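Summary of structural features
Letter by letter, the chains look like this.
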Protein chains: 2
Amino acid sequence: MYYFDNSATTKPTPEILNIYQKVSLNYFGNPSSAHKLGEEAKALMTSARKQIAAILGFESNEIYFASSGTEVNNWVMQPILKAIKQIHPNRNKVLISSIEHPATMKQIPLLESLGYQVELIKVDANGQIDLAHFETLLDNEVLLVSVMGVNNEVGAIQPVKEMATLLQKYPQVIWHMDGVQTITSQIALLREPRIDMITLSSHKFHSVRGVGILAQRQRVPNMPLLHGGGQETGRRSSTENLAGIVATSRALRKMNEIQADTKERLATYRGRIIETLKNLDWQVFAETTSSEHIVCAALAPIPGEVLLHALEAHDIFVSTTSACASRSHQEHATLKAMKTPDEISKSAIRLSMAHSTTDEDVDYLLKTLEQVTEQFKNYA
Amino acid sequence: MYYFDNSATTKPTPEILNIYQKVSLNYFGNPSSAHKLGEEAKALMTSARKQIAAILGFESNEIYFASSGTEVNNWVMQPILKAIKQIHPNRNKVLISSIEHPATMKQIPLLESLGYQVELIKVDANGQIDLAHFETLLDNEVLLVSVMGVNNEVGAIQPVKEMATLLQKYPQVIWHMDGVQTITSQIALLREPRIDMITLSSHKFHSVRGVGILAQRQRVPNMPLLHGGGQETGRRSSTENLAGIVATSRALRKMNEIQADTKERLATYRGRIIETLKNLDWQVFAETTSSEHIVCAALAPIPGEVLLHALEAHDIFVSTTSACASRSHQEHATLKAMKTPDEISKSAIRLSMAHSTTDEDVDYLLKTLEQVTEQFKNYA
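Please read all numbers here as calculations on a predicted model, not as lab measurements.

About the thresholds
Residues numbered from 1 in each chain as written. Chains lettered and ligands numbered in written order. Predicted model: local features only at pLDDT ≥ 70, side-chain atom pairs only at ≥ 80, totals over all residues. Heavy atoms only, no water. Phe/Tyr/Trp six-rings, centres within 6.5 Å; stacked < 30°, edge-to-face > 60°. Helix = DSSP H or I, 4+ residues; strand = E, 2+ residues; numbered from the N terminus. Buried < 20%, exposed > 50% of the residue type's maximum accessible area, 1.4 Å probe, protein only. Lys NZ or Arg CZ within 6 Å of the ring centre and 35° of its normal. Domains from an automatic or database assignment. Contact = heavy atoms within 4.5 Å. Buried area = accessible area lost by both parts, 1.4 Å probe. Salt bridge = Lys/Arg side-chain N within 4 Å of Asp/Glu carboxyl O. Polar contact = N/O pair within 3.5 Å; in protein donor to acceptor, adjacent residues only side chain to side chain. Nonpolar A, V, L, I, M, F, W, Y, C, P; charged D, E, K, R; others polar. Expected span 1.5 Å × (residues − 1). Pairing = 2+ DSSP bridges. Axes fitted to C-alpha atoms, helices over the stretch in contact; angles between N-to-C directions.

A short note on the packing of aromatic side chains
Taken as a whole, this structure holds seven aromatic pairs over all chains when the rule is applied. Ring plane angle 75° and centroid distance 6.2 Å describe the contact between Tyr 64 of chain A and Trp 75 of chain A, whose orientation is recorded as edge-to-face. Of this pair, Tyr 64 of chain A sits in strand E2 (residues 63–66) while Trp 75 of chain A is found in helix H3 (residues 69–87), placing the two residues eleven residues apart along the sequence. Here Tyr 64 of chain A and Trp 75 of chain A have matching classes, each one buried. Taking the centre distance of 3.9 Å and the plane angle of 15° together, the rings of Tyr 2 of chain B and Tyr 364 of chain B count as stacked. Separated by 362 residues along the polypeptide, Tyr 2 of chain B in strand E1 (residues 2–3) and Tyr 364 of chain B in helix H14 (residues 359–379) bring together distant segments of the chain. Like Tyr 2 of chain B, the residue Tyr 364 of chain B is buried in the burial classification. Between Arg 217 of chain A and the ring centre of Phe 58 of chain A, over which it is positioned, the NZ or CZ distance is 3.6 Å.

A look at the domain arrangement of chain A
All names here are of chain A. As far as domains go, chain A holds domain 1 (2–9 + 259–372) and domain 2 (14–256). Computed from C-alpha atoms alone, the centre-to-centre distance between domain 1 and domain 2 is 27 Å. Contacts between the two partners involve 32 residues from domain 1 and, on the opposite side, 31 residues from domain 2. Buried area between domain 1 and domain 2, both sides added, is near 2,500 Å², and the carbon and sulfur share of it is 49%. The largest per-residue losses of area from domain 1 upon contact with domain 2 belong to Gln 259, Thr 289 and Thr 334, which jointly make up 25% of the total buried on that side. Applying the counting criterion to the domain 1 and domain 2 interface returns zero salt bridges. Applying the counting criterion to the domain 1 and domain 2 interface returns 26 residue pairs in polar contact (both at pLDDT 80 or more). Elements represented by at least two residues in the side of domain 1 that touches domain 2 include exactly helix H9 (259–279), strand E10 (294–298) and helix H12 (333–337). Classifying every residue of the side of domain 1 that touches domain 2 by side-chain character gives 13 nonpolar, 16 polar and three charged.

Here's the deal with helix H8 (residues 242–257) of chain B
Residues and elements named next belong to chain B. In this model, H8 (16 residues) spans 23 Å end to end at C-alpha, consistent with the 22 Å of a helix rising 1.5 Å per residue. Across the 16 residues that make up H8, a large majority, twelve, are buried. All of the buried residues in H8 are Leu 242, Ala 243, Gly 244, Ile 245, Val 246, Ala 247, Thr 248, Ser 249, Arg 250, Ala 251, Leu 252 and Met 255. Each element contacted by the buried residues of H8 is listed here: helix H1 (14–26), helix H2 (36–56), strand E2 (63–66), strand E7 (197–201), strand E8 (212–216) and helix H9 (259–279).

Looking at the sheet that holds strand E8 (residues 212–216) of chain A
All names here are of chain A. Read from one edge of the open sheet, seven strands run E2-E8-E7-E6-E5-E3-E4, paired in mixed fashion. Across the chains shown, the open sheet's two edge strands, defined by having one partner strand only, are E2 and strand E4 (117–121). Between one strand axis and the next, the sheet turns through 20° on average, direction left out of account. Relative to E4, strand E3 (residues 93–97) is paired through five bridges, and the arrangement is parallel. When the bridges of E4 are listed, Leu 95 appears paired with Glu 119. Of the strands in this sheet, E2, strand E7 (197–201) and E8 touch helix H2 (residues 36–56), which is tilted by about 115° from E2.

Encoded structure:
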């Protein structure tokens, strides 16, 4: 199998599954229990928090665990936004990039029904937010800015430093980054000290499903999305998914340890893939602005799904848009925001890599892309 | 180790962890992906839904997956209640038993701030809801009734049949049951056909952490708590925790297969434990009304925490109140609702069993209870 759909989900490593299993069996106590088993479980939670905080440049008491990136984005845009609003009742604006994941975008109608004024920040043809437009939207009415670090559909890396500079004039504005696609090769983006909140998702970096991470500076007010037993200092009740949290902390440390090597290898792979695609007359998107692990390209007029299944016939797995959009056949939202004509964007596919991607995977992919493209050209 | 804290959390079985590991490795594709790996993952989701539905007496398309029992209870009391309210704008009452888990109770201030009229249903000295009081609260103003099947602190089984009879006059009233404590020996409670919604939590029946189940009849309207990629037919977005879901479906089937045996064995164990405790002058709560797996008793004036740690010194693990309350040293909410004087309830501990509890565990527990009780009597 040649798996090029790592932005949809990654395969957990045997090491991670082994940690998961060990913790599940040996530390099965409820961290809220008053006895020794509870204390041991709680200690593991604390060290996972420390390790994650160190990588992100946050304090351990600024790391909270939830069940998914989607849950964290809903937590940020609903109760946390409400808590921010209570401190700034005179402010009402929320700035969201026009290329956010559905976990953010699909909340907009709810936010508007609650009376917030939501403004979408435009992006340029390379999938990066239009800084001039961002600057015009920034004022003292703004409560929250939410812009992802790396786009999930075309891979565009967002101009974090420049955003930080523009935000200097607005110290009260809370800045949230959906960092779900940053871990493979762009962890450094998360370390911009001006960022107030970060969302991460375990299954995007070879951990098990079901762990979302919210990193939130002390200065940001909070309200719980889930009310109950008072776990996570009352901010996110539910019995802690200890095994998943410990495994995820280990997976994140691993990604951080091998980041430089992954970055370099995937950059080379990405260069080779793009060169081949361009020689075969594919249109490549966000060519110069994308994360090392994502290539998004189109072979118009062949529909993306046809390309996906043609590659699948060769045991290569890719996606058309984001996994979340694939099954529901949504339009390619990011390419639309980049003003790509529909007749081209409907032909787009996404190839997404991970540290586990090998030379052999890429050699096979390139060879197959040549065959498949020729096939379609003959029918064109 | 002699583990008598199964109501806090259970130890996952090797079989379940093995299933979890196999699915994580062999079916790691994102169920939302359009390719074969996505299709395979989706097929596993569908069969898990079928199997759970068959056990609960629901349709497969009435089973939804979330991350915890707490999340499901928050989903029910917030967006789902809002959806019910939209259909019955003239209704405004929510009836909640006075002994619900914090995952329900802690939402009351929020519900009241949203304008709902929340009424607590009284319980009797045995921890069962007062049916006469329930009847007086029932009228055409009621949107939702939420009563747990088995109480988590004293184990009291609620009078589900009698509730169903009282609800016959009110077909529009939606009935939710927090069934988190029912799986060990009271699954039958969940099969009352009048129940509209059920909450279950994976880690309470020897599965992994992180899977909550909402069973919801078609007729009940729904709104999502988490907005995003549109998973769970748009009702609960987040990449599906496939391995956890498949493992949980297997764990639930297992609990159902061995239910009769578990029920019989735990009833015997419970009888022996209660007999010993009474001979040692402990006060036993909900003696005649409790589920086979829970014994709640007090040795006043010795504080529950002192008893807990005295037993811990003998490698026996119990809890004072619910795990969620233990660390925060909350009062024993259920005993308070049962009108137990504080000076007695503060001496209460909970012993909770599972199918994995053995004769040897119980023999050792009884011997140790005698020693520990003597110890304290000498100091009294």
